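Residue-level listing of the chains:
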Amino acid sequence: QAQLVESGGGLVQAGGSLRLACVASGLPRSRNRMGWFRQAPGKEREFVAAISWTGGSPYYGDSVKGRFTISKDNAKNTVYLQMNSLKSEDTAIYYCAGGWTASSTTTYASSYDYWGQGTQVTVSS
């Protein structure tokens, strides 16, 4: 049974930092990519970042480039999202996702078929 479990969300002041973690268990080996998405109330799910288990450059959404960093620890089956210089507009539920994606489809939520339960990130201004 595949499972993705996120942790690390919370309340932080604007300008602060948080690190999210996603532990993947039972994920089929064919799922080459892990991504982070977020969804704020009343808004569509937004791509944040993605990384391949096997290497290559990570992907970032335009709104987080230069502030967020995605990384992985293959030995621990864990993907991290380091979030710095947080803004109030970063407030959302953050979801970890796993899927098989090509370069052209990495930013689409529909490319991922395994999802975590989400973790709330709230940035106060």
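Residues numbered from 1 in each chain as written. Predicted model: local features only at pLDDT ≥ 70, side-chain atom pairs only at ≥ 80, totals over all residues. Heavy atoms only, no water.

**Considering the side chain of T78**
Positionally, T78 belongs in strand β8 (residues 78–83). At a separation of 2.8 Å, a polar atom in the side chain of T78 contacts the main-chain carbonyl oxygen of K76. Sequence-distant contacts of T78, defined by excluding residues within four places in its chain, comprise A21, C22, V23, W53, S71, K72 and D73. (Helix = DSSP H or I, 4+ residues; strand = E, 2+ residues; numbered from the N terminus. Polar contact = N/O pair within 3.5 Å; in protein donor to acceptor, adjacent residues only side chain to side chain. Contact = heavy atoms within 4.5 Å.)

**Some words on the nonpolar core**
Residues M34, W36, V48, F68, L81, M83 and Y94 are the most contacted members of the largest nonpolar core, which totals 26 residues. The set of elements that each furnish at least two residues to this core consists of β3 (18–25), β4 (33–39), β5 (46–52), β7 (68–73), β8, β9 (92–99) and β11 (119–124). (Core = buried A, V, L, I, M, F, W, Y, C linked by side-chain atoms within 4.5 Å. Buried < 20%, exposed > 50% of the residue type's maximum accessible area, 1.4 Å probe, protein only.)

**Focus: the pairing of β4**
Taken across its 7 residues, β4 has 6 buried, putting it largely inside the fold. Sheet topology places β4 next to β5; 6 bridges connect them, and they run antiparallel. Bridged to R33 within β5 is S52. In the sheet, β4 pairs with β9 via 7 bridges, with the strands oriented antiparallel. Within β9, the position partnered with M34 by the bridge is G98. (Pairing = 2+ DSSP bridges.)

**Things to note about the sheet that holds strand β1 (residues 3–7)**
Strand order across the open sheet formed by 4 strands is β1-β3-β8-β7, with antiparallel pairing between neighbours. Taken across any chain shown, the strands that pair with only one partner, and hence form the sheet edges, are β1 and β7. Across the sheet, the mean angle separating the axes of adjacent strands is 15° when strand polarity is ignored. The pairing of β3 with β8 spans 6 bridges and is classified as antiparallel. Bridging across to β8, R19 finds its partner in Q82. (Axes fitted to C-alpha atoms, helices over the stretch in contact; angles between N-to-C directions.)

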